[in-house]
Every structure is written in structure tokens, then in C-alpha cells.
Amino acid sequence: MSSIGTGYDLSVTTFSPDGRVFQIEYAAKAVDNSGTVVGIKCKDGIVLGVEKLIASKMMLQGSNRRIHAVHRHSGMAVAGLAADGRQIVARAKSEATNYESVYGEPIPVKELAERVASYVHLCTLYWWLRPFGCGIILGGYDRDGPELYVVEPSGVSYRYFGAAIGKGRQAAKTEIEKLKLSELTCRQGVIEVAKIIYGVHDEAKDKAFELEMSWVCDESNRLHQKVPDDLLEEAKATAKAALEEMDAD
Amino acid sequence: MERGHRGGLKYKGRRDITWQGGGRDDVELSQTQARDITWQGPIKPTASDKITKLTNNVYLCRSGSAADSQIVSDYVRYFLDQHTIQLGQPSTIKVAANLVRLLSYNNKNMLQTGLIIGGWDNFEGRKIFGIPLGRTILELPFAIGGSGSSYLYGFFDQVWKEGMTQEEAEWSRPSLLPSLVIDGASGGVVRTVTINSEGVTRKFYPGDTLPLWHEELEPQNSLLDSLSAPSPDLMVS
């Protein structure tokens, strides 16, 4: 799967003979080693979910947030190095407020994704900076409707109906493709995302995890917020039940 | 810099009047042209066009110092062009108005201009924003500005109502006459621009096609011409 780029992988400003920049690919590996992050675009909004692997039983529940609000109408979920992610979130927040103060309207999600991607890409251009070791799933609801973007450490950003990054992304993507997203409301989408995350969590390798979810949809008045507790509990219960059903087969 | 030199009175002025035709979903901007007064010479009657295009669907009525309002509109047009390219779709009137407001406000000490922005976009429909001298930004159902507008406040109070169609708004053209006639800095012609979902239409009404207002006299040759003419031919009439 990966080739060792001996000699050509020491700096992000070096290309290999076959045209790859290895440092960026290694940064992407950092994302692949982190907990799964899933985002889907339902017909009335976006749902983001994170499989937050718990390092220690001593950690308070709800700490170490992986989903951040960028603006009233948008939020991003981070996979990979958490500290790098915080830096990107801070930049995204400042881009969003700056846009609004100049243009007088909330930043369109497309524009926000482009700016975040440019910023991530910036750090792949200089030898004295290292690339960000995190992938971002950015979801927002502006006047053009709900939109979902993924920004990779290389600085590319694509728009998706459904996306997953992190450890269990292959399995998660397969599950997402089975869903009929254009018919799902966000309420249903929350349940589905919970099921997916519980499904891809590997009990053997990683012990405990916490499910963190957020949405931005018509029901939340187009504001990015944490999924309400009662819905979250319902989603978790449904997901656990579905898992047991699968195990029972 | 077009400022009158009599005790700070603003000579440069022209009346812009903007209002919305309601049900038909369009915006009509109209304006009497200004007399451009410069430091150098005498009053030159001109038919300058003070309704400036910012984008295909947003227009700006300028009043106050011509140089100032021109520079503001040029900058805003430049920013809006870039913004449209980045967004990939036409920008909204709100964005245009905000850019005008920021430029005016941040350069308050140098600029003297009152502006009215009107347009149509496909998210919010028709909108009018007024940015008077103090640089507040106000979203309004209709707006008037410029030196000649003082004669129209009462008139508009009486006659304007929400939701007029374009046909009803046709009365507006003669309505500009009070300022055309009384205000020294307004007059000559009336220009209108109508903006709606289908596009933009421009009209031009030269002063002599407009009905005479009130006690206005018919234009006639000045009798002084015969007295001061150097040519002896004229004395024989």
C-alpha cells in the first residue's frame, strides 16, 4: 500500500521521482489512525458524528471535543492530531467573522471550505512548516442549502453527500452508500450515523469510545448545535440494539 | 470636489428618488440630473447620469460630491466583481450596500456623499438601502436623497404606498418636478432605471417633455439678448 520514500520524504518541499510529496501522505496517515468521523447531508441538513476514542477512564465525559462550531450556521469535525485541528478551527472562525464584517452576510459554506483548504494547503508549501496532521469534515447550512465538505491535509477540499475519515472509514463509507440520503430527515440521519459509528468501532483494538454528534438543519433553525440529549440517547440505544442484533446472527 | 462656496451650502445636489413597485417585484430608481458645479467656471447645465451600475442587478443613486460618489462606486464595483467571481453567483444587494457603507464610513473625514442602493436578487427579491451622510445603512421601503429631496418629503408621505405596481409608479416622473423647478441644483432631465427579475430598463425624459409645474413659465428667449448683442443686425427687429 505504501512505499518507503527513502530520501525523498525528509521535507515537504521535496518531490519524489514519481511525483509524490511523501510528507503530505504521511500526514494523511495521521488522520487514518484516528477515530472515525462521519458526515452526511440529509434532505434538510447536515449531521456530523465522531467516534471519540477515550484515552483514559479518568477523563470527564464531554471533554476533548472533536466537533467545533465555526459560525452560527456551520461546524467542523476533526480527525487526526487534535491540536492541529484546533488551529484550523480558530482560523476558520476568524475567516467566517471577517467575511461577515466585510460583506454583511454569513459566509457561504463553499467559500468557507475554500478558505480552510487554502490555509491547510499553505502549510504544505514551506520547509519550515509541517503540514497539518488532520482531516476536516465541514458541514453548514447557508442560503444555497445544506453543504458538506471534506478538507484533507494536502489542502484539497471536495463536496460530498456523505463522507467518512479516520480508522473505520472504509466500512463507514460502505454503510453510508446504503442509505437513501435524499429521503432522510436529520432526525433519522442522527440515528443512522450513530449506528454506523457503533458498527465500525473495533471492540478488540480500542476499548472505550464516546459518541459525539452535532447537526445543522431546519429543526435546529439552521444553527449548528449539539444533537439534543434525548435524541442522542435514543440514537445510542438504537445503535447498540442494532449491534446486538448483528452479533446475534 | 464640487462644493458651493457660499457659506457651506451644498450646491451639488440632485435628487434621487427611489422607490419600490410592490407586487410586480421590481425597484425603480429615478433621478433628476444635476447641475455639476465646479470651482473653475460658471454653472454648466449637464445631463449627467447619476444612476450608476454596480452589478447587473444592483444600481446606485449618487448625490453629494460627484468625485466622492464616483470613487466610492468605482471601488465597490471592483470589490463586487471579485466577490461575484469567487462566489460563482451574482452577489446580493445587501452585500453591495454593506461594501458601500464600509467604504463611506471608514473614510468619513474625506467623503461627502449620500447614496441610495437599489436592486433585485433572487434570494430576497427587491431591496432598497439608503446610506445618507451620516453613513448609517438603512433598509427602506423607499428612499429619497439629495438637495432637491426636501421638496418631496411631503409629496411622498401623501402619495407613496406599499405595493404599488410599475404602472402606478409612473406618476412618479412628474412628481419630480417640484425639485426640478425649485431646487437650483437639480433639474433638466429625469432618468429612471427599473430593475426586476427580468432585467434592467433605462429611460430618459428630457426636461421639455415633462409637463410644466405650477406657475412655471414657458421658456422664451431673453429680451436682454437684443440689448447686449454686438451685431447691429439684431437691433432691427
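Residue numbering note: each chain is counted from 1, following its sequence as written. Following the order in which they are written, the chains are lettered starting with A and the ligands numbered starting with 1. Residues qualify for local features only when their pLDDT is at least 70, as the model is predicted, and side-chain atom pairs are given and counted only at 80 or more; totals for whole chains, interfaces and linings, by contrast, use all residues. The basis for every side-chain value is the complete set of non-hydrogen atoms in the structure, without hydrogens or water.

- You'll find chain B entered in an unreviewed UniProt entry as proteasome endopeptidase complex, with Fraxinus pennsylvanica given as the organism.
- Database annotation for chain B, UniProt heading Subcellular location (unreviewed entry): "Nucleus". UniProt positions are given in the numbering used here, feature names are shortened, and annotations may be inferred rather than shown by experiment.

- Looking at an unreviewed UniProt entry, chain A carries the name Proteasome subunit alpha type, with the source organism given as Fraxinus pennsylvanica.
- Among the UniProt annotations of chain A, the heading Subunit (unreviewed entry) holds the following wording: "The 20S proteasome core is composed of 28 subunits that are arranged in four stacked rings, resulting in a barrel-shaped structure. The two end rings are each formed by seven alpha subunits, and the two central rings are each formed by seven beta subunits."
- A UniProt comment under Function (unreviewed entry) is attached to chain A, and it reads "The proteasome is a multicatalytic proteinase complex which is characterized by its ability to cleave peptides with Arg, Phe, Tyr, Leu, and Glu adjacent to the leaving group at neutral or slightly basic pH. The proteasome has an ATP-dependent proteolytic activity."

## A word on the pairing of strand S6 (residues 145-151) of chain A
Residues and elements named next belong to chain A.
- Relative accessibility thresholds used throughout: buried, under 20% of the residue-type maximum; exposed, over 50%; partly exposed, between the two (1.4 Å probe, protein chains only). Helix and strand definitions here come from DSSP, where helices need a minimum of 4 consecutive H or I residues and strands a minimum of 2 consecutive E residues; each element is numbered from the N-terminal end. Of all the seven residues making up S6, seven are buried; the element is thus mostly covered by neighbouring parts of the structure.
- Any two strands are treated as partners once DSSP identifies two or more bridges connecting them. In this sheet, S6 lies alongside strand S5 (residues 134-142) in antiparallel orientation, the contact comprising seven bridges. Following the sheet pairing, Gly140 is matched in S6 by Glu147.
- Between the end of S5 and the start of S6, which pair antiparallel, lie two residues.
- Sheet analysis places S6 next to strand S7 (residues 157-159), joined by three bridges and oriented antiparallel. Counted as the bridge partner of Val150 is Tyr158 from S7.
- Hairpin connection from S6 to S7: five residues lie between these consecutive antiparallel strands, with Gly155 at a positive phi of about 100°.

## Examining the side chain of Thr52 of chain B
- Take Thr52 of chain B: it is sitting in strand S4 (residues 51-55).
- By the convention used here, residues are in contact when the closest approach between their heavy atoms is within 4.5 Å. Non-local contacts of Thr52 of chain B, meaning those with residues more than four positions away in its chain, are made with Val58, Tyr59, Leu60, Arg62, Ser73 and Arg77 of chain B.

## Quick look at the sheet that holds S7 of chain A
Residues and elements named next belong to chain A.
- Read from one edge of the open sheet, five strands run S3-S4-S5-S6-S7, paired in antiparallel fashion. One side of each edge strand has no neighbouring strand; the edge strands of this open sheet are strand S3 (67-71) and S7. Looking at each pair of strands side by side, their axes are set apart by 25° on average, direction ignored.
- As paired elements, S3 and strand S4 (residues 74-80) share four bridges and run antiparallel to each other. By the bridge assignment, Ala69 is partnered in S4 with Gly75.
- Fitting a line to C-alpha atoms yields each axis, with helices limited to the stretch in contact; the angle taken between N-to-C directions then spans 0 to 180 degrees. In the packing of helix H3 (residues 109-122) onto the sheet, the strands contacted are S3, S4, S5, S6 and S7, and the crossing angle to S6 comes to about 10°.

## Observations regarding unusual backbone geometry
- Even without being a glycine, Asn221 of chain A presents a positive backbone phi close to 60°.
- Along the chain, Asn221 of chain A turns up in the loop between strand S9 (209-217) and strand S10 (225-226).

## Concerning the packing of aromatic side chains
- Centre distance within 6.5 Å is the pairing criterion for rings of Phe, Tyr and Trp, where only the six-membered ring of Trp is used; planes under 30 degrees apart are then read as stacked, over 60 as edge-to-face, and the remainder as tilted. Inspection of every chain in the model, using the stated rule, returns eight aromatic pairs over all chains.
- Relative to Phe132 of chain A, the ring of Tyr119 of chain A lies with its centre 5.5 Å away and its plane at 40°, an arrangement referred to as tilted. Residue Tyr119 of chain A is found in helix H3, and its partner Phe132 of chain A is found in the loop between H3 and S5; the two are separated by 13 residues along the sequence. One exposure class covers both Tyr119 of chain A and Phe132 of chain A, and it is buried.
- Note on Tyr158 of chain A and Tyr160 of chain A: the rings are 6.5 Å apart at their centroids and 90° apart in plane angle, and the pair reads as edge-to-face.
- Classification of Tyr158 of chain A by relative accessible area gives partly exposed; the value is 47%.
- Counting every residue linked through ring pairs, the aromatic cluster contains Tyr75, Tyr78 and Phe79 of chain B.
- Cation over ring: Arg143 of chain A sits above Phe123 of chain B, and NZ or CZ is 4.1 Å from the ring centre. Whether a charge lies above a ring is judged from NZ of Lys or CZ of Arg, which has to be within 6 Å of the ring centre and within 35 degrees of the ring normal.

## Examining the sheet that holds S10 of chain A
All names here are of chain A.
- The sheet built from five strands is open, its strands ordered S8-S1-S2-S9-S10 with antiparallel pairing. Strands with a single pairing partner mark the edges of an open sheet, and in this sheet they are strand S8 (162-165) and S10.
- Across two bridges, S9 lies against S10 in antiparallel orientation. Looking across to S10, one finds that Ser214 is bridged to Lys226.
- Strands strand S1 (37-42) and S8 of the sheet are contacted by helix H4 (residues 169-178), whose axis makes an angle of about 165° with S8.
- Running over the sheet, helix H5 (residues 186-200) touches S1, strand S2 (45-53) and S9 and is turned about 155° from S9.

## Describing the packing of helix H2 (residues 82-103) of chain A against helix H2 (residues 93-106) of chain B
- Two numbers describe how H2 of chain A lies on H2 of chain B: the axes approach to 7 Å, and their chain directions differ by 80°. With respect to each other, H2 of chain A and H2 of chain B are oriented roughly perpendicular. Between H2 of chain A, through Glu100, Ser101, Val102 and Tyr103 of chain A, and H2 of chain B, the contact on the second element is made entirely by Lys94, Val95, Asn98, Leu99 and Leu102 of chain B.
- Polar here means any residue outside two lists: the nonpolar Ala, Val, Leu, Ile, Met, Phe, Trp, Tyr, Cys and Pro, and the charged Asp, Glu, Lys and Arg; Gly therefore counts as polar. Of the residues in the contact of H2 of chain A with H2 of chain B, the class split is five nonpolar, two polar and two charged. In this scheme, roughly parallel covers angles under 35 degrees and roughly antiparallel covers those over 145, while 65 to 115 is roughly perpendicular and the rest are oblique.

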